[in-house]
Amino acid sequence: MPINFHDEQNRQTYATRNADESWKALIENTVDVTNKRIADIGCGGGIYTKALIEMGASHVMGVDFSDEMLKGAANNCKGIPNVTFLRGDAYESNLHANDFDIVLERALIHHLNDLNACFTEAYRILKKDGTFLIQDRTPKDCLLSGDKNHIRGYFFEKFPQLIDKEISRRFGSEQVEQALESSGFRLAKTVALCETRRVYHDFEELNKDLSLRTGRAILHELTDVELRELISFIGDKLDDHQVPIIEKDSWTVWFAIKE
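Model, not experiment: these values are computed from the prediction.

Time to look at helix α4 (residues 115-125). For α4, the complete set of buried residues consists of L115, C118, F119, E121, A122 and I125. Each buried residue of α4 sits inside an arc of 155° when the element is viewed along its axis, so together they form one side. Here the buried face of α4 lies against β1 (37-41), β4 (100-106), β5 (126-136), α8 (173-182) and β6 (185-200). The opening residue of α4, the one whose side-chain oxygen lies 3.2 Å from the backbone nitrogen of N116, is D114.

See below:
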């Protein structure tokens, strides 16, 4: 069954990591977040909400449709000033128009059916000349072969039936770019990003993370028995002597401007 973001047990699923330094470097080299008001739509566990404050944003508004995700995000950002969380979604954020310098939507659009409605809402809440930052995986990003860095590739090698499921929920780069243009944005830049997801000291750490399905919605398509089979399969693929295990994810990042 697909992940239930409203389930209390999944509250910390997307709140247990820190933003990777490669992500921070890309943002800092492309758009200035210093003293900017930023909306983090689909904020999940608040990982990037917190990172943006640490990078110098004056205020970050985290928006998510799940009360449980928002509780996890609030706990993750506890004690951090200038962070606010609000229940809303990508189509109706409940934020004021023309109010934000930057809108971030990371790992969000693959949960949506209507890119135009999502991007129109982002356009509404951005100030003129504001930056819209979308980060997600295209089908090409997802279906790279499995290896010691791209653990996700082993999911589809072991269970090929997941491929159609994964592709069906992903947008190609051309689709994203066309939706941006039709929503009034000017595409400024498209970037491929290889982001370190997590470093595991040994396979047991990876085993635990996979068992919890941490931050991996696609694993909720597997039964518990299938998940155990997958973990065993990955263990057989990895060399016990190749530690630490540095897991990386491939992403596409689009930067667009409201003119």
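Let us look at the pattern of salt bridges. Side chains that differ in sign of charge can pair as their charged atoms come close. Using the criterion set out here, one finds 23 salt bridges in the structure. For E121, the salt bridge goes to R124, with nearest N and O atoms at 2.8 Å. Highlighted residues: E121 and R124, both in helix α4, separated by three residues, approximately one helical turn. Judged by its relative accessible area of 32%, R124 is partly exposed. With its nearest N and O atoms 2.6 Å apart, the salt bridge here joins R169 to E166.

Below, the discussion takes up the nonpolar core. In this structure, I41, V103, F119, F132 and L180 are the most contacted members of the largest nonpolar core, which totals 26 residues. With five residues, α4 is the largest single contributor of residues to this core. Setting aside residues up to four positions removed in sequence, F119 forms contacts with E105, I109, F132, I134, V176, A179, L180, S183 and F185. If you look at the next biggest cluster of nonpolar residues, it comprises 25 residues, including W23, I53, A57 and V253.

Calculation rules
- Residues numbered from 1 in each chain as written.
- Predicted model: local features only at pLDDT ≥ 70, side-chain atom pairs only at ≥ 80, totals over all residues.
- Heavy atoms only, no water.
- Buried < 20%, exposed > 50% of the residue type's maximum accessible area, 1.4 Å probe, protein only.
- Helix = DSSP H or I, 4+ residues; strand = E, 2+ residues; numbered from the N terminus.
- Arc of directions from axis to C-beta.
- Contact = heavy atoms within 4.5 Å.
- Polar contact = N/O pair within 3.5 Å; in protein donor to acceptor, adjacent residues only side chain to side chain.
- Salt bridge = Lys/Arg side-chain N within 4 Å of Asp/Glu carboxyl O.
- Core = buried A, V, L, I, M, F, W, Y, C linked by side-chain atoms within 4.5 Å.

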